[in-house]
Amino acid sequence: MYSIQTLLGIGSFLLMGTMANQKQPATVIPGSGHFSKASADTVQYPEETSFRNLRQLTFGGDNAEAYFSYDSKYLVFQKTNPKEGINCDQIFIGKIPENKDQQFSPKMVSTGKGRTTCPYFLPDGKHIIYASTHLSGNECPPVPDRSKYGNRYIWPLYPAYDIFMADTNGVIVKQLTRSKGYDAEATLSPDGKKMIYTSDKDGDLELYIMDLKTGKEKRITHTVGYDGGAWFSRDGKRIIWRASRPTTEEEVREYKDLLAEHLVAPTRMEVFTANADGSGIKQVTNLGQANWAPVFMPDNKSILFASNHEYKRGFPFNLYQMNDDGSNMTKISRDKGFDAFAMFSYDGKKIVFCSNRNNGGTRDTNIFVGEWKAEE
């Protein structure tokens, strides 16, 4: 997950100011606002043959990381919309409309304090997990002054982020992490017993798996660079995530210098997989630029991910499908701005993702849900 979950401003994409109102931390890239109304206003493009009955659920603001409940009836997501008095991400839950006559009417379930990110349902449908800074203060934490870093896209790694479990009425029932560092980007194993998340508590941005019952955990990545946005496969046997790997001495030094300031500049990322215990790590993509928000598809083999690798200017971001060895890559979505944060329903019949499409040429990011038609 990402909250935000991740935005990877690249090259002129940043210089053109298209990330001016992006959400933090890992995962949202608001739209650029540079597209004409005609090019932006469509819910589904003719080439998007994998989607059926695609429907827009939100209209305005930045809505991201929308994920299904296990019964596929609800979505949990994060939202920022200053026009509604939501100045930084808060967590919302909404029932997916059964037909076009019903409205999507989500309710806020986070505290309304601080900043939140990366929500996810537990199997019981009665609880969620998410990261929040609310224990450190009521106000939105400050965003970095990017002018100090060459106007690059910089993510703040708020040390105040911890991961909490709450019921669907918003009552926090348990604090899951307590480190002094950044703890966020959590998802759960299919049986709901294990949580995988990102933390910098050991001095680097690494992945950890926690047993929710005992609280015991294991660090599963050990390479310099950012590891985050991890998911389990539906059979629980493997994990998938995004990672940046600085290689030269200069890149490593820059990465560590930023990390010391609780910052990261993840403008190059590739997709990695491993066994659920962290063994057998494999780099799947080597496309350059930003390849991220990967998930295993319902067959536990194929992968869906977001990427801007086709465009040197840094956008659009579109969804791509590939085999788990990186072969047979197919372009799935076609928006001219941003498509990402995809998730399949647990029965494999539906897909949800976030996009800049149909936003009237604004920078709004909205939630879209539809039926999934597997490629034949």
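In case you missed it, the structure is sitting above this.
What counts and what doesn't
Residues numbered from 1 in each chain as written. Predicted model: local features only at pLDDT ≥ 70, side-chain atom pairs only at ≥ 80, totals over all residues. Heavy atoms only, no water. Helix = DSSP H or I, 4+ residues; strand = E, 2+ residues; numbered from the N terminus. Expected span 1.5 Å × (residues − 1). Contact = heavy atoms within 4.5 Å. Pairing = 2+ DSSP bridges. Axes fitted to C-alpha atoms, helices over the stretch in contact; angles between N-to-C directions. 1 Å grid on protein atoms, 1.4 Å probe; cavity = no way out; pocket = protein on both sides within 12 Å on 5 of 7 lines; lining within 4 Å. Points joined across faces, edges and corners; volume = space filled by probe spheres on them. Nonpolar A, V, L, I, M, F, W, Y, C, P; charged D, E, K, R; others polar. Disulfide = S-S within 2.5 Å. Buried < 20%, exposed > 50% of the residue type's maximum accessible area, 1.4 Å probe, protein only. Core = buried A, V, L, I, M, F, W, Y, C linked by side-chain atoms within 4.5 Å.

Turning our attention to helix α3 (residues 249-260). Along its twelve residues, α3 runs 16 Å from first to last C-alpha, staying within 8% of the 16 Å computed at 1.5 Å per residue. In this structure, the buried side of α3 is in contact with β17 (263-264). Once α3 ends, the next one or two residues include H262, with phi positive near 60°.

Checked against the element boundaries, A184 lands in strand β11 (residues 183-188). With 20 residues separating them along the chain, A184 and F164 place their C-alpha atoms 9.7 Å apart. Leave out the neighbours within four places in its chain, and A184 touches T117, A131, Y161, I163, Y197 and T198.

Strand order across the open sheet formed by four strands is β6-β7-β9-β10, with antiparallel pairing between neighbours. Of all strands in the sheet, those bounded by a partner on one side alone are β6 (116-121) and β10 (172-175). Mean inter-strand twist for the sheet, computed between neighbouring axes without regard to direction, equals 25°. Where strand β7 (residues 127-132) meets strand β9 (residues 162-167), six bridges bridge the pair, whose relative direction is antiparallel.

Remark: the empty space left among the atoms is shown by a probe the size of a water molecule rolled over them. Estimated volume of the largest cavity: approximately 120 Å³. Residue lining of the largest cavity: 14 residues in total, with Y120, W231, F232, S233 and R234 positioned closest to the centre. Those elements giving two or more residues to the lining of the largest cavity turn out to be β15 (227-232), β20 (291-296) and β24 (339-344). Among the residues making up the lining of the largest cavity, the classes are represented as eleven nonpolar, two polar and one charged.

This part is about the state of the cysteines. Applying the stated rule across the entire model yields one disulfide. Put simply, C88 and C140 are joined by a disulfide, and their sulfur atoms are 2.3 Å apart. The sign of the -95° torsion about the S-S bond sets the C88-C140 disulfide as left-handed. Here C88 is found in strand β4 (residues 86-95), whereas its partner C140 is found in the loop between β7 and β8 (155-156), with 52 residues between them in sequence. Take C88: its relative accessible area is 3%, and that puts it in the buried class.

Turning our eyes to something else, we now look at the nonpolar core. I129, M195, W292 and F341 are the most contacted members of the largest nonpolar core, which has 75 residues in total. With five residues, β24 is the single largest residue contributor to this core. Sequence-distant contacts of I129, defined by excluding residues within four places in its chain, comprise C118, P119, Y120, L122, I163, F164, M165, L176, A186, L188 and M195. Grouped together as the second largest cluster of nonpolar side chains are eleven residues, I209, F232, I239 and A243 included.

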